[in-house]
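Analysis of the macromolecular model
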There are 2 protein chains.
Amino acid sequence: MAIGEAILAKNDHLAEHNRQWLAARDITAVNLMSSPGAGKTSLLERTIIDLRGSRSISVIEGDQETRLDAERIQRAGARAVQVNTGAGCHLDAPMVQRALNALEPDPGSLLFIENVGNLVCPALFDIGEQAKVVIISVTEGDDKPLKYPHMFSAADLIVVNKTDLLPYVDFDLEAFTAHARSLQPGVLILPLSVRSGAELDSWYRWLRHPAISAERRPKSEPELAKAK
Amino acid sequence: MAIGEAILAKNDHLAEHNRQWLAARDITAVNLMSSPGAGKTSLLERTIIDLRGSRSISVIEGDQETRLDAERIQRAGARAVQVNTGAGCHLDAPMVQRALNALEPDPGSLLFIENVGNLVCPALFDIGEQAKVVIISVTEGDDKPLKYPHMFSAADLIVVNKTDLLPYVDFDLEAFTAHARSLQPGVLILPLSVRSGAELDSWYRWLRHPAISAERRPKSEPELAKAK
C-alpha cells in the first residue's frame, strides 16, 4: 500500500468513528469548503445570528494560523474551537476527533466544520461529516468546477455567494451550473448573498434537512482511487 | 530524514537546476500564486496584450485539470504549456523542468509560471523562479496575510487586484498592508485593477526589474524547517 493510501485509509477509519459518534448524539455535521475569502465565516456568522433561539449551533474552525475565525464565531454567539493546521492545507479526521472532544456539541445540535480555505486538498479527506458544502463567490469566475473537479464532485450542495456583486463581475450563472452539473448531474446549486441576505431562507431550509447528493454517497473505493 | 524533508530536498535541488538553466539564458521567471479566482490569468492576458512587441513572453500554466488557462494565454498571443497536477495542490520543480523543456522560452524573455490556485501548498515549493508574486483580490478580505502566513511571507511582491470592486466590499487596504508587513516589514504591495487598468503601469515597471524582497532571499534552511 502506498504511503498516500495508508494515510487515507487511517483517516477514513477515524472519519467513520466521528460519523458514528455524531449520529449517536443526533448531531448534524456540515463541512464547509471554499477558496480563501469566498465567505464561509461570514455565512456562519449570519446563520448563527438568524437561527439564534431556534437551534443549538457550534463550530470547528480550521485555519493555517490565528484564532480570528473562532473569535468571530464566538462574537456571533456560538461556541467554537479553532484548529490550526500550520503548513497543512486541510482538516483531517483526527483533528476533527480532537476538536469534538474539546467542543462537546449539544445532542441534536447543528455542527459546522469550516475547513481551511482551499479548493484542492480538503476534497480528498472524509472527516465524518454528514454533508459537504462547497462555497464559491461570483468574483472567482464560472470556470472553477472544471479547474477543481475533485472539490465540486464532492459537494452535496454548492453555494454561490456574493450575488450582490453580479452586476460588477463577469460571472455566468448558467455556464457555472452547466460546468458543475457536467461533474454531478443533479447537484444542488444555491445562489445567495450573505451581504444582502438574498436567498438565505433557502439555505436555512436546506440546513433543516442537509440532503446528501444522490450521485455521491456512499463513497466507494473506486471513487477514492479515481481521486488520486 | 523525514519523508517530507526528503521530498523538499529533492525539489530544492531541481529548483536550483531550473534557476541556473534560466539564468544562463537571461530568462526572468516570475511565479504567480493566489487563491482560485483572484485574477492570475486575467492579469497575464492583459500583460501579454499590453507588452506585445516590446518583450517576448511565455507562460507555464498550472491547474488540477483542463487546458482552459493555456488556451486563454495562447489566444492573448503568447506561447504556453499546461501542466495538470491532478489531485496535487501545487507545481514543483520537476514539473517546471519538464515544462521548460517543452516550452523552450526565448533567451532574454519573460516567463510567467502560473501556479495552482491555492494559498497554502505552493508557498512551500521553490520551483527555480526569480521572484514570487502573490495576488489577492479585494473580495477575499483583508485578514488573509494572517491566516495564510507562509504564502504572504514568501512574496516578493503582493498584488491587490480588483480595486474597482472596493466600493462594494469590506476591504481595508491599510489593515491589509499592516497585516502583510507584520510578516515582512518591507514587502512591496501594489493595488491595481486588471478590469479598469488602474495602476497596471506600476506592474509593468516592476516587471522590468522584478526585485527580490530584502527579507526573503536567500532562502535559508532554518526558514524551510520553520515552514513545516
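Here is what the cut-offs are and how they apply
- Residues numbered from 1 in each chain as written.
- Chains lettered and ligands numbered in written order.
- Predicted model: local features only at pLDDT ≥ 70, side-chain atom pairs only at ≥ 80, totals over all residues.
- Heavy atoms only, no water.
- Helix = DSSP H or I, 4+ residues; strand = E, 2+ residues; numbered from the N terminus.
- Buried < 20%, exposed > 50% of the residue type's maximum accessible area, 1.4 Å probe, protein only.
- Polar contact = N/O pair within 3.5 Å; in protein donor to acceptor, adjacent residues only side chain to side chain.
- Least-squares fit on C-alpha atoms with pLDDT ≥ 70 in both.
- Contact = heavy atoms within 4.5 Å.
- Pairing = 2+ DSSP bridges.
- Axes fitted to C-alpha atoms, helices over the stretch in contact; angles between N-to-C directions.
- Phe/Tyr/Trp six-rings, centres within 6.5 Å; stacked < 30°, edge-to-face > 60°.
- Buried area = accessible area lost by both parts, 1.4 Å probe.
- Salt bridge = Lys/Arg side-chain N within 4 Å of Asp/Glu carboxyl O.

Moving on: unusual backbone geometry. With a phi close to 75°, Thr66 of chain B is a non-glycine residue in the positive phi region. Residue position: Thr66 of chain B is located in the loop between β2 (57-63) and α3 (68-76).

All names here are of chain A. Among the residues of helix α4 (residues 93-103), those classed as buried are Ala93, Pro94, Met95, Val96, Ala99, Leu100 and Leu103. The N-cap of α4, judged by a side-chain oxygen 3.0 Å from the amide nitrogen of Met95 a few residues on, is Asp92. Downstream of α4 by a residue or two, Glu104 has a phi angle that is positive, lying close to 45°.

Moving on to the relation of the copies chain A and chain B. Structural alignment of chain A on chain B gives an RMSD of 0.0 Å, achieved by rotating through 180° and translating 0.0 Å along the axis. The transformation relating the two chain copies, once decomposed into turn and shift, fits a two-fold axis. By residue overlap, the copies meet face to face through one surface: 100% of the interface positions of chain A are interface positions in chain B.

So, about the environment of Arg181 of chain A. Residues and elements named next belong to chain A. Its place among the elements puts Arg181 in helix α7 (residues 173-183). Separated by 29 residues in the primary sequence, Arg181 and Phe152 have C-alpha atoms spaced 9.2 Å apart. Residue contacts for Arg181: discarding those within four places in its chain leaves Gly186, Val187, Leu188 and Ile189.

This part is about the sheet that holds strand β5 (residues 131-137) of chain A. Residues and elements named next belong to chain A. With parallel pairing, the seven strands of this open sheet are ordered in space as β3-β2-β4-β1-β5-β6-β7. Each of the sheet's edge strands pairs with one partner strand only, and the pair in question is β3 (79-84) and β7 (188-191). With strand direction ignored, the average angle separating the axes of adjacent strands in the sheet is 20°. Bridge count between strand β1 (residues 28-34) and strand β4 (residues 110-114): five bridges; the pairing is parallel. The partner of Val30 across the bridge, within β4, is Phe112. Sitting on the sheet, α4 touches β2 (57-63), β3 and β4, and the angle it makes with β3 is about 150°. Each of β5, β6 (157-161) and β7 touches α7; the most contacted strand, β7, lies at about 155° to it.

So, about the packing of aromatic side chains. Residues and elements named next belong to chain A. Scanning the entire structure with this criterion turns up nine aromatic pairs over all chains. When the ring of Phe112 is compared with that of Trp203, the centres are 6.3 Å apart and the planes differ by 25°; the resulting orientation is stacked. Of this pair, Phe112 sits in strand β4 while Trp203 sits in helix α8 (residues 200-208); the two residues are 91 residues apart in sequence, bridging distant segments of the chain. Note on Phe112: relative accessible area 0%, which makes it buried. An angle of 80° between the planes, with centres 6.1 Å apart, marks the rings of Phe152 and Phe176 as edge-to-face. Here the residue Phe152 occupies a position in helix α6 (residues 149-153), and Phe176 occupies one in helix α7, the gap between them amounting to 24 residues. No difference in accessibility class separates Phe152 from Phe176, as the two residues are buried.

Further remarks concern the interface of chain A and chain B. With 40 residues of chain A in contact, the opposing surface of chain B contributes 40 residues. Between chain A and chain B, a total of about 3100 Å² is buried, with carbon and sulfur atoms accounting for 57% of that surface. When the buried area of chain A at its contact with chain B is split by residue, Pro36, Lys147 and Tyr168 of chain A rank highest and sum to 20% of it. Viewed at the interface, chain B and chain A are joined by six salt bridges. Summed over the shared surface of chain A and chain B, the result is ten residue pairs in polar contact (both at pLDDT 80 or more).

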